[in-house]
Amino acid sequence: MLVYIHVPFCRTRCNYCAFHSVPLGRGVDAASSPQVRDYVDTLLMELALHADTLGGSNIQSVFFGGGTPSLLPPRIVGVILDRLARHFRLGDKTEITLEANPESLRGRNVVPDLLAAGVNRLSIGIQSLDEAMLRTLGRPHKAQDSLQAVFAAREAGCANISMDLMWGLPGQSVRQWLQTLKDAVRMSPDHISTYGLTLEPGTQMELECEEGRLALPPERDQNIMFMEGAAYLEAQGYLHYEISNFARMGFQCRHNLGYWDGLDYLGLGPSATSTIAGRRWTNPASQRAWDNMVRAGALGKSPEVLTPTVRVLELIMLRLRTANGLRLRTYRELTGRDFLRDNQRLVQALHENGLIRIRNGYLRLTRSGMLVSNAIIANLFERTEAVLSREGVAAADARAVQPPQEEGAALPLAGKKAASPEIRPVVWPTA
């Protein structure tokens, strides 16, 4: 089982961010904040509640996401991990990731204390190494903070460092993005996540783009950023193991791999989602509503039971995000049907345009296919839903396949309306 812990606090809200977060303000000390104290108390109560039903389970990975989890004092991180170890089984090889903003790792003892608390993987939200881009994004750190954070992590003995970077930013050129990657590689991280900017509804950046104060790069430039950026990272020894993720051999994020492999996961904290034994529930985003439900013992009491169709659709979505791709035999085991026959015309068109590759029983997206993965998956969803609703689905395996809970991840398919069987046109990538 995987454990995801949502820490909703941050210094300030970034201009592009639509995740649930609570800005504390630049001058507020998280260690003395009543909001943070109340959050930790409720989190420990929630953990104890789930221990009554799930206690003793093996934990493969723990992921502190946010928000900015590194705002939590290392002592508190240690308390949470100790409580987890009391109720569940955490081994010496359990991956424990904590997301951090560069400026929050300042201070001589911050990283050593986090490692002493049990964290063994740091995911640093660098996003850009260009000062102008950082200001546009509304990030609270400078490029120099990123360099110092990575250096401090290495000096403290952290053997697994990941960094997040963003491409397709307003005003960004292809040359600037490739230079960012070159600068990042010189810092020798073990893992790099690269996310294309998405304008989320209601964010400051969406408003500024709508009003013409900012402009995204042309689509052709964004395509080149993805294609040439991925090629550069692979040439530097980073395996392109998922659409947005690259890692040196042996440093793939085990937590995210667990999501894509369909493992059960327990989500703790406001807005966190859990999927256990084919049942899914999401905590309230409001800290007060979450606190009330925890105190009433009501979390997870009315879960959504995932239907066989939802499991099949999520299998397609999750596996096609990875370099391994969709195992065709697994689709047959879940549905009793032949995936290639069910999607014959679409598969043929995708193959002829170099967007997919079929080999050794797996259907994989090529790099060009990854660039338009959303359109491809939407088309496959429509065809698959139409076929399964018309023909019926065979008895499904008891293990549900779930969407990942991370930045840039797809949303759950729960409650998705039946789609038309019409095939949407795929916009082929250009470079």
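Here, every reference points to the structure presented above.
The notes below deal with the structure included here. (Residues numbered from 1 in each chain as written. Predicted model: local features only at pLDDT ≥ 70, side-chain atom pairs only at ≥ 80, totals over all residues. Heavy atoms only, no water.)

1. Points about the overall build of the protein chain
In terms of regular secondary structure, the protein chain is built from 16 helices and 17 strands. The principal-axis extent of the C-alpha atoms belonging to the protein chain is close to 60 × 55 × 45 Å. The buried share of the protein chain, taken over its 431 residues, is 53%. Partitioning the intrachain contacts of the protein chain with sequence separation of at least 6 by distance along the chain shows that 73% fall at a separation of at least 24. As presented, the protein chain carries roughly 18900 Å² of accessible surface, and 49% of it is formed by carbon and sulfur atoms. Within the protein chain, one finds 47 positive and 44 negative side-chain charges whose respective centroids are separated by 3 Å. (Helix = DSSP H or I, 4+ residues; strand = E, 2+ residues; numbered from the N terminus. Buried < 20%, exposed > 50% of the residue type's maximum accessible area, 1.4 Å probe, protein only. Contact = heavy atoms within 4.5 Å. Areas by Shrake-Rupley, 256 points an atom, 1.4 Å probe, with all protein chains shown as cover. Lys, Arg positive; Asp, Glu negative; His and termini not counted. Charge placed at Lys NZ, Arg CZ, Asp CG, Glu CD.)

2. A short note on the pattern of salt bridges
Tallied over the entire structure, the rule returns 12 salt bridges. Here Arg37 ties to Asp38 by a salt bridge, and the two come within 3.4 Å at their closest N and O atoms. Under the relative-accessibility criterion, Asp38 is labelled partly exposed at 37%. For the salt bridge of Glu333 with Arg329, the shortest nitrogen-to-oxygen distance reads 3.3 Å. Here Arg329 and Glu333 lie together in helix H12 (residues 328-335), a separation of 4 residues that amounts to about one turn. (Salt bridge = Lys/Arg side-chain N within 4 Å of Asp/Glu carboxyl O.)

3. With respect to the packing of aromatic side chains
Evaluation of the coordinates by the stated rule reveals 7 aromatic pairs. Measuring from ring centre to ring centre gives 5.6 Å for Tyr39 and Trp290, while their planes differ by 35°; the resulting arrangement is tilted. With Tyr39 in helix H1 (residues 34-54) and Trp290 in helix H10 (residues 287-296), the pair connects residues that are 251 residues apart, well separated along the chain. Here Trp290 falls in the buried class, since its relative accessible area comes to 0%. Between the aromatic rings of Tyr331 and Phe339, the centroid separation amounts to 5.0 Å while the plane-to-plane angle is 80°, which identifies the pairing as edge-to-face. Its relative accessible area of 1% is what places Tyr331 among the buried residues. Members of the aromatic cluster, each reached through a chain of ring pairs, are Phe9, Tyr39 and Trp290. (Phe/Tyr/Trp six-rings, centres within 6.5 Å; stacked < 30°, edge-to-face > 60°.)

4. A closer look at the side chain of Glu242
Tracing the sequence through the fold places Glu242 in strand E9 (residues 239-242). Among the polar contacts listed, one links the side chain of Glu242 to the side chain of Arg321, at a separation of 2.6 Å. Residue contacts for Glu242: discarding those within four places in its chain leaves Trp260, Arg321, Thr322 and Ala323. (Polar contact = N/O pair within 3.5 Å; in protein donor to acceptor, adjacent residues only side chain to side chain.)

5. Quick look at the packing of H1 against H10
Remark: H1 packs on H10, axes separated minimally by 10 Å, with the N-to-C direction vectors making an angle of 35°. Seen from above, H1 lies across H10 with left-handed handedness. In this structure, H1 contributes Gln35, Asp38, Tyr39, Thr42, Leu43, Met45, Glu46 and Leu49 to the contact, and H10 contributes Gln287, Trp290, Asp291, Val294 and Arg295. Residue composition of the contact of H1 with H10, by class: 6 nonpolar, 3 polar and 4 charged. (Axes fitted to C-alpha atoms, helices over the stretch in contact; angles between N-to-C directions. Left-handed = near helix turned anticlockwise from the far one by under 90°. Nonpolar A, V, L, I, M, F, W, Y, C, P; charged D, E, K, R; others polar.)

6. What to know about the environment of Gln252
Within the secondary structure, Gln252 is located in the loop between strand E10 (245-247) and helix H9 (254-260). What makes Gln252 partly exposed here is its relative accessible area of 22%. Note: C-alpha distance between Gln252 and Tyr241 (11 residues apart in sequence) is 7.6 Å. Once residues lying within four places of it in the same chain are set aside, the contact partners of Gln252 are Glu95, His191, Leu239, Tyr241, Ala247 and Leu257. Reaching out from Gln252, the side chain makes a polar contact with the backbone nitrogen of Gly250 at a distance of 3.3 Å.

7. Observations regarding empty space enclosed by the protein
Scanning the model with the defined rule gives 2 cavities of 30 Å³ or more in all. In this model, the largest cavity occupies a volume close to 290 Å³. Residue lining of the largest cavity: 24 residues in total, with Gly66, Gly67, Thr68, Asn101 and Arg139 positioned closest to the centre. When contributions to the lining of the largest cavity are tallied by element, the ones reaching two or more residues are strand E5 (89-100) and strand E6 (121-127). With 3 residues, E6 is the largest single contributor of residues to the lining of the largest cavity. (1 Å grid on protein atoms, 1.4 Å probe; cavity = no way out; pocket = protein on both sides within 12 Å on 5 of 7 lines; lining within 4 Å. Points joined across faces, edges and corners; volume = space filled by probe spheres on them.)

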